[in-house]
Amino acid sequence: MGLFNRKPKLPADRRPPLDRDERMLAWATVADGDGVVVVSNRGLWLPGRAHRLGWHDINKAVWSGRELAVTPAETVVERDGYLVVTDLPVETYLLLEPGDVPHQVRARVTSSVSYTAHYKLPAGGAVRVVGRRVSGVDGLRWTVRYDPGTATDDQAVVEQTDALVAAARGTGESETTA
């Protein structure tokens, strides 16, 4: 990229409060002009949020060519060795000059996933088991996300999920499956 094609620096009053070891990689102004989407090595700063959304806390991110749609995860319950998460409402941002934001978001969300597999449960329903890298933390953080309609509190479902997570943790934590 030539000198004259460089994007201007983000004004200091619009910069998020980055951690000491955090660096800004890309940014884009939201079309309404009031917000800024900032990509850092540690996560995504979105308008209206006082804190960074870690890459491991994003269940899905989609770029339509004009809009960035982010689906954050919410922890429902903590079980032995993993978290049960669900999708929060999708947050959508119209970016007229997205620059490198869509590419960086896709690359970082994808690279945070070390293991993912979807299983039908004998007790009924289905679950996705995911092992993700967390910036600054050794090892993987394990989460499960149940398909709608799965009886998440049913003892048989919990036992089957425990066994699936235990098996996934034993695979060497480096494989990705569909």
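Everything numeric in this text was worked out from a predicted model, so none of it was measured.

1. Here's the deal with the sheet that holds strand β2 (residues 36–40)
With antiparallel pairing, the four strands of this open sheet are ordered in space as β1-β2-β3-β4. At either margin of the open sheet sits one strand with a lone partner, and together these are β1 (24–29) and β4 (53–54). Sheet topology places β2 next to strand β3 (residues 43–45); two bridges connect them, and they run antiparallel. Residue pairing for β3: Val38 is matched across the bridge by Trp45.

2. Considerations on the nonpolar core
Ranked by size, the top nonpolar core spans 17 residues in total, and within it Val37, Leu44, Leu95, Val101 and Val105 carry the most contacts. For this core, the secondary-structure elements that each account for two or more residues are β1, β2, β6 (67–79) and α1 (101–112). Per-element accounting of this core gives the leading share, three residues, to α1. Setting aside anything within four residues of it in sequence, one finds Val101 in contact with Ala26, Trp27, Ala28, Val37, Val39, Leu68 and Leu95. Counting residues in each nonpolar core, the second largest holds 15 residues, with Tyr82, Val84, Val157 and Val165 among its members.

About the cut-offs
- Residues numbered from 1 in each chain as written.
- Predicted model: local features only at pLDDT ≥ 70, side-chain atom pairs only at ≥ 80, totals over all residues.
- Heavy atoms only, no water.
- Pairing = 2+ DSSP bridges.
- Helix = DSSP H or I, 4+ residues; strand = E, 2+ residues; numbered from the N terminus.
- Core = buried A, V, L, I, M, F, W, Y, C linked by side-chain atoms within 4.5 Å.
- Buried < 20%, exposed > 50% of the residue type's maximum accessible area, 1.4 Å probe, protein only.
- Contact = heavy atoms within 4.5 Å.

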